[in-house]
Amino acid sequence: MSDPIDQAALNARLMTPIAAIVDKQRSTLAPMLHGRTGQAARAALRDDECVRRIATFCYPLLPGLVRLAVKEPTFVSFILNNREKVLAPLTGPA
């Protein structure tokens with residue numbers, strides 16, 4: 001999915017449900033950043049395994065139609081590539 005048009009479509013399809021999941025599951029996802037906040041949480045976002053664990057947790061929470069259109073490896077890759085924008089709410093105070 002390297003075509004810019006495909007990336008834009010993926011962004012449009014995923015950003016709203018991901019934002020809702022991150023907001024709703026904040027208390028579950030924050031410990032996956034090793035309970036860190038602020039700078040320490042941003043540093044944890046650089047850890048691919050940490051971000052992969054968060055993405056794998058979030059994938060089943062996506063709406064069914066989104067999961068039909070976007071398979072888990074694509075979703076995980078999207079989260080890894082957009083980690084700062086997608087997971088930014090986890091790095092600051094609730």
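Summarised in this report is the structure supplied together with it. One numbering rule holds for all chains: residues counted from 1, following each sequence as written. The predicted nature of this model means local features are confined to residues of pLDDT at least 70 and side-chain atom pairs, given and counted, to a pLDDT of 80 or more, with totals for whole chains, interfaces and linings taken over all residues. Hydrogens and waters are ignored; side-chain quantities use all the structure's heavy atoms.

1. A closer look at the packing of aromatic side chains
This is how it is decided: Note on ring pairs: Phe, Tyr and Trp rings are taken, using the six-membered ring of Trp, and paired if centres are within 6.5 Å. Classes follow the plane angle, with under 30 degrees stacked, over 60 edge-to-face and the rest tilted. Under the scheme used here, helices are H or I runs from DSSP no shorter than 4 residues and strands are E runs no shorter than 2 residues, and both carry numbers assigned from the N terminus. Exposure classes here rest on a 1.4 Å probe applied to the protein chains alone. A residue is buried below 20% of its type maximum, exposed above 50%, and partly exposed in between.
Scanning the entire structure with this criterion turns up one aromatic pair. Judged by centre distance (5.6 Å) and plane angle (55°), the rings of tyrosine 59 and phenylalanine 75 are tilted. Taken together, the residues span a long stretch of sequence, with tyrosine 59 in the loop between helix H4 (48-58) and helix H5 (64-69) and phenylalanine 75 in helix H6 (residues 72-81) at a distance of 16 residues. Per residue, the accessibility class of tyrosine 59 equals that of phenylalanine 75, and both read buried.

2. A word on the environment of leucine 29
Just so we agree on the cut-off: For this analysis, residues touch if any pair of their heavy atoms sits within 4.5 Å.
You can see leucine 29 is positioned in helix H2 (residues 26-29). The exposure class of leucine 29 is buried, given its relative accessible area of 0%. In the structure, leucine 29 is positioned 61 residues away from leucine 90 in sequence and 7.6 Å away in space, judged by C-alpha atoms. Sequence-distant contacts of leucine 29, defined by excluding residues within four places in its chain, comprise Ile21, Val22, Ile54, Phe57, Cys58 and Leu90.

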